[in-house]
Amino acid sequence: MSPRTKAQIDEIREQSREKIIAAALDLFAHNGFHSTSIAQVAAKAGISKGLIYNYFESKEDLLQAIFTEAMKNSEDILTLDPNATAKQRLIGMAEASADFMYNNQEYMRLFLTLMMQPDVVKSMKPWFDTVGKAKKDMLMPMFEEIFPGRAEVEYFFFGAIMDGIGFGYLVLGREYPFEDVKRKFIDYIQNQ
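Keep in mind it's a predicted model, so treat the numbers as computed, not measured.

The rules behind these values
- Per chain, the residues get numbers from 1 upward, laid out in the order the sequence is written.
- In view of the model being predicted, local features appear only for residues whose pLDDT reaches at least 70, and side-chain atom pairs are presented and counted only at 80 or more, with totals across whole chains, interfaces and linings using the full set of residues.
- To obtain the side-chain values, all non-hydrogen atoms of the structure were included, while hydrogens and water were left out.
- Numbering goes from the N terminus for both helices and strands, where a helix is a DSSP run of H or I of at least four residues and a strand is a run of E of at least two.
- Exposure is judged per residue with a 1.4 Å probe applied to protein chains only, and the accessible area is read against the type maximum: over 50% gives exposed, under 20% gives buried, and values in between give partly exposed.
- Two residues qualify as a contact provided that any one of their heavy atoms is within 4.5 Å of a heavy atom in the partner residue.
- Shrake-Rupley sampling with a 1.4 Å probe provides the accessible areas, and residues are treated as covered by the protein chains on show and by no other component.
- Counted as positive: Lys and Arg. Counted as negative: Asp and Glu. His and the chain ends are not counted at all.
- Note that the charge is assigned to NZ on lysines, CZ on arginines, CG on aspartates and CD on glutamates.
- Exposure above 30% relative accessible area and no salt bridge define the residues that can form patches, which grow by joining like charges within 9 Å and nonpolar side chains of Val, Leu, Ile, Met, Phe, Trp and Tyr within 5 Å.
- By convention in these notes, a salt bridge is any Lys or Arg side-chain nitrogen within 4 Å of a carboxyl oxygen on Asp or Glu.
- Fitting a line to C-alpha atoms yields each axis, with helices limited to the stretch in contact; the angle taken between N-to-C directions then spans 0 to 180 degrees.
- Roughly parallel here means an angle under 35 degrees, roughly antiparallel means over 145, roughly perpendicular means 65 to 115, and every remaining angle is called oblique.
- By convention the crossing between two helices is left-handed if the near helix lies anticlockwise of the far one by an angle smaller than a right angle, and right-handed if it lies clockwise.
- Every helix has an expected span of 1.5 Å times one less than the residues it contains.
- To obtain the arc, one takes the directions from the helix axis to the C-beta atoms.

**Q** Where do I start with the overall build of the chain in this structure?
**A** Across its full length, the chain carries 10 helices and 0 strands. Secondary structure elements of the chain, listed N to C terminal, follow the sequence α-α-α-α-α-α-α-α-α-α. Reported as C-alpha extents along the three principal axes, the dimensions of the chain are approximately 65 × 35 × 30 Å. Counting the 192 residues in the chain, one finds 38% classified as buried. Counted over contacts in the chain with a minimum sequence separation of 6, partners at least 24 positions apart contribute 67%. Counting only carbon and sulfur atoms, one obtains 55% of the accessible surface of the chain, whose full area is about 11200 Å². Of the charged side chains in the chain, 22 are positive and 27 negative, and the gap between their average positions amounts to 3 Å.

**Q** What is the right way to look at a nonpolar patch on the surface in this model?
**A** Where nonpolar side chains cluster on the molecular surface, the patch consists of Phe167, Val171 and Leu172 and spans about 300 Å² of accessible area. Position of Val171 among the secondary structure elements: in helix H9 (residues 151–172).

**Q** Is there a simple way to think about the packing of helix H6 (residues 86–103) against H9 in this case?
**A** Helix-helix packing is described using two parameters, namely the angle between the two axes and the distance between the axes. Direction vectors running N to C along H6 and H9 enclose 25°, while the axes themselves pass 10 Å from each other. The angle between H6 and H9 falls in the class roughly parallel. Considering the relative orientation of H6 and H9, their crossing is right-handed. Two secondary-structure elements touch here, H6 through Leu90, Met93, Ala94, Ser97, Ala98, Met101 and Tyr102 and H9 through Phe158, Met162, Ile165, Gly166 and Tyr169.

**Q** Even after reading the chapter, I still don't get helix H10 (residues 178–190), so can you show me in this structure?
**A** An α-helical turn contains 3.6 residues, so a residue and the one three or four places further along point in the same direction. Over its 13 residues, H10 runs 18 Å from end to end, which matches the ideal 18 Å to within 8%, given 1.5 Å per residue. Those residues of H10 that sit buried are Phe178, Lys182, Phe185, Ile186 and Ile189. Down the axis of H10, the smallest arc covering the buried residues is 100°, so these residues share one side. More than 90 degrees from the buried face of H10, the exposed residues found are Asp180 and Lys184. Those residues of H10 that are buried lie in contact with H6 and H9.

Structure follows, in structure tokens:
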């Protein structure tokens, strides 16, 4: 058997990293961040505990990697058609955001449970602030065009509605009238 190439080694490393992130996401979402140990993550990922530290410095670093992965997986939400009107872009973003929540319950469960843990929020605050500011800076011109004089309130209202849709779906599952609620929200935007 010949030695592995650098490309093969890189692929194995990426697969191990992805397994660790997937295992941590599942465990953090279902058991809580503080209730989950690195040993549990390693066992679920099928690797040794020590190997995790080749990829992540700490459990907090692993949590940040999950958030970064979620942002990467949801990039299409913020990829807005520059030729569309501001209202069309916001509607597209609302639909894509809702669809992301519908198709990624584990991320939603994790985000909602973490928001109830003040110490975790505090430790992740610099990351949240950086990402939140970048998102707000990018979206506010669109909100200002659609909602002159009340853009900031509408920006936060948009976030609150999206949080509510995600929470409702997470709690009620398939009983939640997801498509109807999404349509009602989109109708609200269209009527502005």
